[in-house]
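# Observations on the model geometry
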Amino acid sequence: GGIITQTPKFLIGQEGQKLTLKCQQNFNHDTMYWYRQDSGKGLRLIYYSITENDLQKGDLSEGYDASREKKSSFSLTVTSAQKNEMAVFLCASSPTGYNYAEQFFGPGTRLTVL
Amino acid sequence: GDSVTQTEGQVTVSESKSLIINCTYSATSIGYPNLFWYVRYPGEGLQLLLKVITAGQKGSSRGFEATYNKEATSFHLQKASVQESDSAVYYCALSRTGGYKVVFGSGTRLLVSP
């Protein structure tokens, strides 16, 4: 088994601030993902990475940067937080090419921008 | 692109009654997608409930089952007799074999009343 850890659990920022979310996994999975979930909506893919130092844009990458410097970690940066923004950011990982893209998720980081 | 539709935001069912949560998909690329149901129990992270990768097949887990109907492009989740512990948010999703992206529906919250 394994686990995905996301820090922080809650993140409060100011408008215009740069904010960084971190994710660690010990599954030894190759692929990692960042999703955004707004209240009552589905998950939207921001970035994913198929291996260390790889980055691929998802459907919602504008306004975000990502970094995958180690196989076990994947960071997401909100480049300029938007006022009144509220969302949950989910990190996930999956073994490449096996189990047909089954994903394992972290508990999430809840963002509030004042 | 591909999409997944869950029409019910919330479903309330009495304990021991049957359940169906609707899911339809639109797959614009050639070939049949892989289909999944994910679940988020209160206080826990999103996790895979069941998956079916072959059209016409049925998947099952924890008393839930779903049949991949390629003619109706549906993947409805059913359970014959629900329990209070089944109260959770259920997400239908699809992916492409060998691909990295998973497309999620908006989720259906199931409330099971005693």
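Up top you'll find the structure we're talking about.
Overview of the structure. The structure presented is a predicted model; accordingly, all values stated were derived computationally and were not measured. (Residues numbered from 1 in each chain as written. Chains lettered and ligands numbered in written order. Predicted model: local features only at pLDDT ≥ 70, side-chain atom pairs only at ≥ 80, totals over all residues. Heavy atoms only, no water.)

### Here's the deal with the overall build of chain B
Helices and strands together make up the secondary structure of chain B, namely 0 helices and 12 strands. The order of α-helices and β-strands along chain B, N terminus first, is β-β-β-β-β-β-β-β-β-β-β-β. Principal-axis analysis of the C-alpha atoms gives chain B an extent of 45 × 25 × 20 Å. Split into buried and exposed, the 114 residues of chain B put 43% on the buried side. Of the contacts made within chain B by residues no fewer than 6 positions apart, 56% connect residues no fewer than 24 positions apart. Entry remark: accessible area of chain B is about 5300 Å², with carbon and sulfur atoms responsible for 47%. Placing the 10 positive and 8 negative side-chain charges of chain B at their respective mean positions leaves the two points 6 Å apart. (Helix = DSSP H or I, 4+ residues; strand = E, 2+ residues; numbered from the N terminus. Buried < 20%, exposed > 50% of the residue type's maximum accessible area, 1.4 Å probe, protein only. Contact = heavy atoms within 4.5 Å. Areas by Shrake-Rupley, 256 points an atom, 1.4 Å probe, with all protein chains shown as cover. Lys, Arg positive; Asp, Glu negative; His and termini not counted. Charge placed at Lys NZ, Arg CZ, Asp CG, Glu CD.)

### Comments concerning the packing of aromatic side chains
Within the structure shown, the criterion is met by 14 aromatic pairs over all chains. Between A:Phe27 and A:Phe104, the aromatic rings sit 4.9 Å apart at their centres with planes inclined by 40°, giving tilted as the arrangement. Taken together, the residues span a long stretch of sequence, with A:Phe27 in the loop between strand S3 (19–25) and strand S4 (31–37) and A:Phe104 in strand S10 (residues 104–105) at a distance of 77 residues. By relative accessible area, A:Phe27 is classed as partly exposed at 23%. Since its relative accessible area comes to 27%, A:Phe104 is described here as partly exposed. For the ring pair B:Tyr68 and B:Phe75, a centre distance of 6.5 Å and an interplane angle of 70° mean the geometry is edge-to-face. Assessed through its relative accessible area of 1%, B:Tyr68 is described here as buried. On the basis of relative accessible area, B:Phe75 is assigned to the buried category, the value being 0%. (Phe/Tyr/Trp six-rings, centres within 6.5 Å; stacked < 30°, edge-to-face > 60°.)

### Brief notes about the state of the cysteines
Taken as a whole and judged by the stated rule, the model has 2 disulfides over all chains. The partner cysteine of A:Cys23 in its disulfide is A:Cys91, sulfur to sulfur 1.9 Å. The sign of the -75° torsion about the S-S bond sets the A:Cys23-A:Cys91 disulfide as left-handed. One end of the pair, A:Cys23, is in strand S3; the other, A:Cys91, is in strand S9 (residues 86–94), with 68 residues separating them in the sequence. Taken as a pair, A:Cys23 and A:Cys91 share a single burial class, namely buried. Linked covalently through their sulfurs, B:Cys23 and B:Cys92 form a disulfide whose S-S length is 2.0 Å. In this structure, the disulfide formed by B:Cys23 and B:Cys92 twists by about -65° around the S-S bond and is classed as left-handed. (Disulfide = S-S within 2.5 Å.)

### Regarding the side chain of A:Asp54
Residues and elements named next belong to chain A. Structurally, Asp54 is set in the loop between strand S5 (43–49) and strand S6 (56–57). No salt bridge is formed by the buried Asp54, whose closest oppositely charged neighbour, Arg68, lies at an N-O distance of 6.5 Å. Ignoring sequence-local partners within four residues, the contact set of Asp54 consists of Tyr48, Ser49 and Arg68. (Salt bridge = Lys/Arg side-chain N within 4 Å of Asp/Glu carboxyl O.)

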